[in-house]
Amino acid sequence: MVNTACNTQPPHVRMGALAWKRCVGCGCKILDRFLLFALDGYWHCHCLKCSCCQAQLAEIGSSCFTKRGLILCKSDYLRLFGNSGACRACSKSIPANEMVMRAQGNVFHVKCFVCSICHNQLLPGDRFHSANGKLYCERDRPTACVHRNDHLDSLREHNISEQKS
């Protein structure tokens, strides 16, 4: 909502060495000690509010969300748009506030982001390969037949049996 009581001038007005910013919310100069920069504009701390609950976003956290023209706090964003999709591995829903892993346009629960052969967890920074929607660690990638045999031999040594899929 923009307040029409203040003059509407460009976002900054130069006065000597000072550059006054204009609030995107109310249109007035920002003379306060603190100001916020969000959604490509400057805001008074009291003007950047959640479109649903009217909470001042600077008071409840360091982030804000925007979707469909709404400015939202985290809890209202999750309430309105709460689901981030389905996990590629288990097909179960992933809540929007849960950490995920992504590979080639697919989304995974962190616990489901595992090698399809040895079932070892793939962690951020690990090298992995993806083929036909399946994930493979560096050792088990389909093109690494020589390395794969070495890996399977080491699994046999540790009493882990091979399973055919």
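Everything numeric in this text was worked out from a predicted model, so none of it was measured.

K.L.:
I'd like a rundown of unusual backbone geometry, residues and numbers included.
P.N.:
Phi at Asp40 takes a positive value of approximately 60°, unusual for a residue other than glycine. With respect to the element layout, Asp40 can be found in the loop between β4 (36-38) and β5 (41-43). Overall, the relative accessible area of 76% leaves Asp40 in the exposed class. Even without glycine at this site, Arg68 takes up a positive phi of about 50°. Here Arg68 is to be found in the loop between β6 (65-67) and β7 (70-72). Given the relative accessible area of 69%, Arg68 is considered exposed.

K.L.:
Summarise helix α2 (residues 74-81); cite the residues concerned and give the values.
P.N.:
All buried positions along α2 are accounted for by Asp76, Tyr77 and Phe81. Buried residues of α2, seen end-on, are gathered within an arc of 105° and therefore sit on one face of the element. Across α2 from its buried face, at more than 90 degrees, point the exposed residues Ser75 and Arg79.

K.L.:
Break down the pairing of strand β13 (residues 134-137) for me, with residues and values.
P.N.:
Pairing between strand β12 (residues 128-131) and β13: four bridges, direction antiparallel. Among the inter-strand pairings, Ser130 is bridged to a residue of β13, identified as Leu135.

K.L.:
Give a description of the side chain of His44 that names residues and reports values.
P.N.:
The topology assignment puts His44 in the loop between β5 and α1 (57-60). At 3.1 Å, the side chain of His44 forms a polar contact with the backbone oxygen of Lys29. If near-sequence neighbours (up to four positions away) are discounted, His44 is found in contact with Cys23, Cys26, Cys28, Lys29, Ile30, Asp32 and Leu36.

Criteria and cut-off values
Residues numbered from 1 in each chain as written. Predicted model: local features only at pLDDT ≥ 70, side-chain atom pairs only at ≥ 80, totals over all residues. Heavy atoms only, no water. Helix = DSSP H or I, 4+ residues; strand = E, 2+ residues; numbered from the N terminus. Buried < 20%, exposed > 50% of the residue type's maximum accessible area, 1.4 Å probe, protein only. Arc of directions from axis to C-beta. Pairing = 2+ DSSP bridges. Polar contact = N/O pair within 3.5 Å; in protein donor to acceptor, adjacent residues only side chain to side chain. Contact = heavy atoms within 4.5 Å.

Bear in mind that shape data such as this cannot, by itself, settle questions of function.
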